[in-house]
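Remarks on the overall topology
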Amino acid sequence: MKSKITIVGVPMDLGQRNPGVNMGPNAMRYAGVSEYLEGLGYKVTDYNDIEIGKAEYLEDPKINLRNLKAVADASETLGEKVDSIVKSGEFPLILGGDHSVAIGSLAGIAKNYKKLGVIWYDAHGDLNTPETSPSGNIHGMPLAASLGIGHPALTNVLNYSPKVKPENIVIIGARDLDAGERELIKARGIKVYTMHEIDRLGMTRVIEETIEYLKDRTDGVHLSLDLDGLDPADAPGVGTPVIGGISYRESHLAMEMLAEADIITSADFVEVNPILDERNRTAVVAVKLMGSLFGEKLL
């Protein structure tokens, strides 16, 4: 991995409806993310938070998208910042905020790669569109938008689309997929390891297969880690918890194996909600997983 890490906070809470996730970046800062990574030998720069607009109360019922303009504007701002970080030769580490932040993350990152790969570590597919979404919440749409599917304000961030190809995506930990998402996964041939596969194969084999699948077909890999990918027993401070998730130890193993493979070129950690948390426990989990991703070892 690159020796220099630039942190960008995205206090986004407009892609969903639970208050508190906008405090996620600072919760991870309070958990010591910069100090922790510096202790591993990295030079860490914290860009602080990008500005997020206000909620839009006059919504267009025809498009089924809550806070579309504010989310799209923030995605443009984040995309430009992340693009500049990648061009400077540093590792972009984005702290959310709800998972709609990945629209901007991927927009800025994918500009710098011809065949960007994506590992989507999440209980959800985030492959909804305005037509398939039960809620209109944009945090359930970032992967679809990055594939070029959805509203133009989301798919065309930084004036290009798509950001990633379906054959370069691996979803890990899925256990709550809407009907439209299941159809899209099958139609586009997206590789998914649900909790069934993780339980049956074990995390070691899942990550080995993921690395083997992505390493030769991509020229960079973005990790988008939603803390609700973990079981709520280990990460309670998330807005959309789903029981039966990936364990804390399995997640450390996954991060350790990705570090050994040295394929991750950017990352975002999202959906930490301190209001729903227990003594900042989920933010601490996020920071510990970052440590494993960046090469921390016991011996």
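Please refer to the structure higher up on the page.
Values in this document were obtained by computation on a predicted structure and should not be read as measured data.

1. Considerations on the packing of aromatic side chains
For the structure on display, the rule yields 2 aromatic pairs. On the numbers, 5.3 Å between centres and 75 degrees between planes, the contact of tyrosine 42 with phenylalanine 294 is edge-to-face. With tyrosine 42 in the loop between helix 2 (33–38) and strand 2 (43–49) and phenylalanine 294 in the segment after helix 11 (281–293), the pair connects residues that are 252 residues apart, well separated along the chain. Residue classification places tyrosine 42 among the buried positions, given a relative accessible area of 15%. Assessed through its relative accessible area of 4%, phenylalanine 294 is described here as buried. With centroids separated by 4.9 Å and ring planes inclined at 70 degrees, the aromatic side chains of phenylalanine 91 and phenylalanine 294 adopt a geometry described as edge-to-face. Note that phenylalanine 91 is positioned in strand 3 (residues 91–96) and phenylalanine 294 in the segment after helix 11, a separation of 203 residues in sequence. A network of ring pairs unites the aromatic residues Tyr42, Phe91 and Phe294 as a single cluster. The ring of tyrosine 160 carries lysine 163 above its face, with NZ or CZ at 4.6 Å from the centroid.

2. Considerations on unusual backbone geometry
In this chain, glycine 96 is followed by glycine 97 through a cis amide linkage whose omega measures 20 degrees. Mapped onto the elements, glycine 97 comes out in the loop between strand 3 and helix 4 (101–110). Backbone torsion omega between serine 161 and proline 162 reads 0 degrees, so that peptide bond is classified as cis. For proline 162, the position within the fold is in the loop between helix 6 (152–155) and strand 5 (169–174). Here glutamate 271, not a glycine, exhibits a phi torsion of approximately 70 degrees, which is positive.

Cut-offs and rules
Residues numbered from 1 in each chain as written. Predicted model: local features only at pLDDT ≥ 70, side-chain atom pairs only at ≥ 80, totals over all residues. Heavy atoms only, no water. Phe/Tyr/Trp six-rings, centres within 6.5 Å; stacked < 30°, edge-to-face > 60°. Helix = DSSP H or I, 4+ residues; strand = E, 2+ residues; numbered from the N terminus. Buried < 20%, exposed > 50% of the residue type's maximum accessible area, 1.4 Å probe, protein only. Lys NZ or Arg CZ within 6 Å of the ring centre and 35° of its normal.

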